[in-house]
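Geometric and topological summary
One-letter residues, chain by chain:
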Amino acid sequence: MFDRESTVTLSGEAPITITRDAAGIPQVSAASEADLYRGLGWCHGNDRAIQLVLTRLAGRGRMAEHLRGGEELVEIDRLFRRMGLHVDVAEEVAKLAPGDAALVGAYCAGVSEALAGRPPWELRLAGIRAIDPWTAEDCVLVSRLAGWVSLAQSQGEMEDLLVDLVRAGVGRDLLEELFPGRLDGLDEDLVRRLLPGERLIPDGVRWSTALPRPVASNNWALAPSRTRSGRALLANDPHLEVGRLPAVWQEIGARAGDRWFVGATMPGLPGLLVGRTNDLAWGATYAFMDATDSWIEDCRDGRCRRVVDGEETWVPVAQRTETIARRGGDPITLRVFETDRGVLDGDPHQAGLRRATRWSAGRGAGAGSIAAAIAMFRARDVREGMAAAGGIESAFNWVMADRHGAIGLQMSGLLPIRPSGASGLVPLPAWDPETAWAGWADPQDLPRVQDPPDGMIVTANHDLGHLGRVRPQNLPMGDSRARRIEELLGAREDWDVAGVAAVQLDERSPQAARYLELLRPLLPPGVNGDLLRGWDATFGPRSTAATLFERWYRALVVEVFGGVLGRDVARHLLEETGIVADFYANLDGILLSERSAWFGGRTRDEVYAQVALAALAAPTRPWGEHQRVTMRHLLFGGRFPAALGFDRGPYPLPGSRGTPRQGTVYRSGGRETSFAPSLRIVTDFAHDTLHTALAGGPSDRRFSPWYASSLPAWLAGRLTERRPPG
């Protein structure tokens, strides 16, 4: 077994040496870039075989075939078969330039070498007796999955919500308040006539633990004028689901000749995703770009209508047949219908209106992202890094710093070029050729900036449209975390690693503080009212007032939106979806208004006071007892006794949706999901080091010493210094 004392030597263009540092993090030393990627692949295959297998099975829609044939996994397979992320992966591989293809091939050879032989006992226990070699097609698939679970699906959820609200008869005035300035082109009559069908993401899908669901992230860069060392400094903390082991990331140290990387990778991808090299550091947050659209298709007899120059035609709808094998059960045949606008919601042989949905970074994407990730390792400065990051097809905000002192931001993603005035939120008639996408926006037109005058760049999933020639975000996340980070960073000009690490752990919420300004005069007398009245809007684990505020806020959401939608619907949106966590700014636009049509004729003060009287009546517990997370093994989570150590926790989860140290727990698709900084990195270019904290460890094997070896430091909020291989 490859452990702390072991050294593995692989054959490549020259011998490749792999060791572990004191924390168990693999260190790859190679003479060439190809050998570096071969070594990286071997580390992924050795330490994360379970994660690799489950991710591939999920993306290809084959979980019920190899794991369990019950309805839960069948629904996940049905979803991914309908999405068709696996359909054209070979064509995408063919797009890779010869040099990039060679590096991907070296990576796959390394993964496959580590996977050869008997699978880990965990997989054998689950019924998997052999593992197929890893291929370039698998890399493309994982690239698409990484982009899609990075909140691309949440944009689709909001578009689903809009359709549901229209079909439920919610008035236009109420919709305009919830989606201000975003409803141009909405034909409510067409939406109401939509036939019910199979949604792209069915309500019954219980999301696989193999697929992390990110909600948010923070990253920032500081110019030398703002740091104690006089060198540039960068920080990043991607917020993903933390209720799983292993963490989605694997930390790596790698060297090819005199060029090195320290940071985090994602098993299955031949890329060095966040971290730093000799010259450049970079981190990512999700961009909340609207890259998912729906159209309304008019269907009959397996055809859909098109109107060109006033002439009506009916064109055939393509059909794809998928067979979902089931372990211990009969196979299921699935017919998937697709138009030139996307996957159709239902059968076009039944006459009527149906939705077709498309995500820009799905079919026809993947190779560009892999090539861009490879180019990031070679980038020598921020300018080159921004050019490389712009080629990534999924939507992220890449913040960078370099050894020369430059800092920069580049948004990536395939932003559809839409008709003038179309926001991308509203489903438009597909028969009108003017509603089709007309290609992608140039990365130079997306939000980007280099060396701003104030020496500071911050992204936290908020609106960055002012930094580009196009506005890619129609539903950005609220700016609560960004405002708090900017407030803290703007107060000093002597930042160092310890200082910015403390900012990553900050638990104060400007969102909650804004509500408190309005709520304090309306709070009832008594112990709970007094606690909340004196609260500092900090979501620390010992704070009882934080629990009281969240109880009041959630009750406010149910009171206001439940009055129109029904309380059961409002509770479902709050407790069983990520809509409140992701898009709280849309709700706050209503809840903070002095008067709103959603208030049912009452004033804001009347609603606040009424909700407070009921919500604060009962005793409560500290926030750390109320909001807790259990980290479950991604294959056997919840199935073995706690004493066996597959699952860890429960642990208090500090923070809230609006704090830099984000902490969010809710249910989605029938299971608990949780979000927090899954990884924290900080680097100061005064030193050739990276400081990190990972919510897990290098290995996905329960009885490895590296299964959860980094977890104690992550829980304590402590960073550990990482150095490049010698």
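Attention here is on the structure that accompanies the text. All values derive from a computational prediction rather than experimental measurement.

**Re the packing of helix α17 (residues 544-565) against helix α21 (residues 604-615)**
Put simply, α17 and α21 touch, their axes get as near as 9 Å, and they point 125° apart. By the angle class used here, α17 and α21 are oblique. Between α17 and α21 lies a crossing whose hand is right-handed. Contacts from Arg 551, Trp 552, Ala 555, Leu 556, Glu 559 and Val 560 in α17 reach Val 607, Tyr 608, Gln 610, Val 611, Ala 612 and Ala 615 in α21.

**Some details on helix α6 (residues 98-115)**
The first and last C-alpha atoms of α6 sit 25 Å apart over 18 residues, in line with the 26 Å expected at 1.5 Å per residue. Buried within α6 we find Asp 100, Leu 103, Val 104, Ala 106, Tyr 107, Cys 108, Gly 110, Val 111, Ser 112 and Leu 115. Just past α6, the residue Gly 117 takes up positive phi, approximately 95°.

**A look at the environment of Arg 48**
Secondary-structure assignment places Arg 48 in the loop between α1 (33-47) and α2 (49-60). Remark: the alpha-carbon pair of Arg 48 and Leu 233, spanning 185 residues in sequence, is separated by 31 Å. Once you skip the residues sitting within four places of it in the chain, Arg 48 turns out to touch Cys 43, Pro 246, Ala 247, Val 248, Trp 249, Gln 250, Pro 267, Gly 697, Pro 698, Ser 699 and Asp 700. A distance of 2.8 Å separates a polar side-chain atom of Arg 48 from the backbone oxygen of Pro 698.

**Digging into the packing of aromatic side chains**
As enumerated under the stated definition, the model contains 26 aromatic pairs in all. Taken together, a centroid distance of 5.8 Å and an interplanar angle of 70° make the contact between Tyr 515 and Trp 552 edge-to-face. With Tyr 515 in helix α15 (residues 510-519) and Trp 552 in helix α17, this pair connects stretches of sequence that are 37 residues apart. Of the residues examined, Trp 552 reaches a relative accessible area of 0% and is grouped as buried. Three or more aromatic residues link up through ring pairs in this structure, and these residues are Tyr 515, Trp 535, Phe 539, Phe 549, Trp 552, Tyr 553, Tyr 608 and Trp 623. The side chain of Arg 300 reaches across the aromatic face of Trp 314, ending 3.9 Å from its centre. When the ring centre of Trp 495 is taken as reference, the NZ or CZ atom of Arg 492 above it lies at 4.1 Å.

Definitions and limits used
Residues numbered from 1 in each chain as written. Predicted model: local features only at pLDDT ≥ 70, side-chain atom pairs only at ≥ 80, totals over all residues. Heavy atoms only, no water. Axes fitted to C-alpha atoms, helices over the stretch in contact; angles between N-to-C directions. Helix = DSSP H or I, 4+ residues; strand = E, 2+ residues; numbered from the N terminus. Parallel < 35°, antiparallel > 145°, perpendicular 65-115°, else oblique. Left-handed = near helix turned anticlockwise from the far one by under 90°. Contact = heavy atoms within 4.5 Å. Expected span 1.5 Å × (residues − 1). Buried < 20%, exposed > 50% of the residue type's maximum accessible area, 1.4 Å probe, protein only. Polar contact = N/O pair within 3.5 Å; in protein donor to acceptor, adjacent residues only side chain to side chain. Phe/Tyr/Trp six-rings, centres within 6.5 Å; stacked < 30°, edge-to-face > 60°. Lys NZ or Arg CZ within 6 Å of the ring centre and 35° of its normal.

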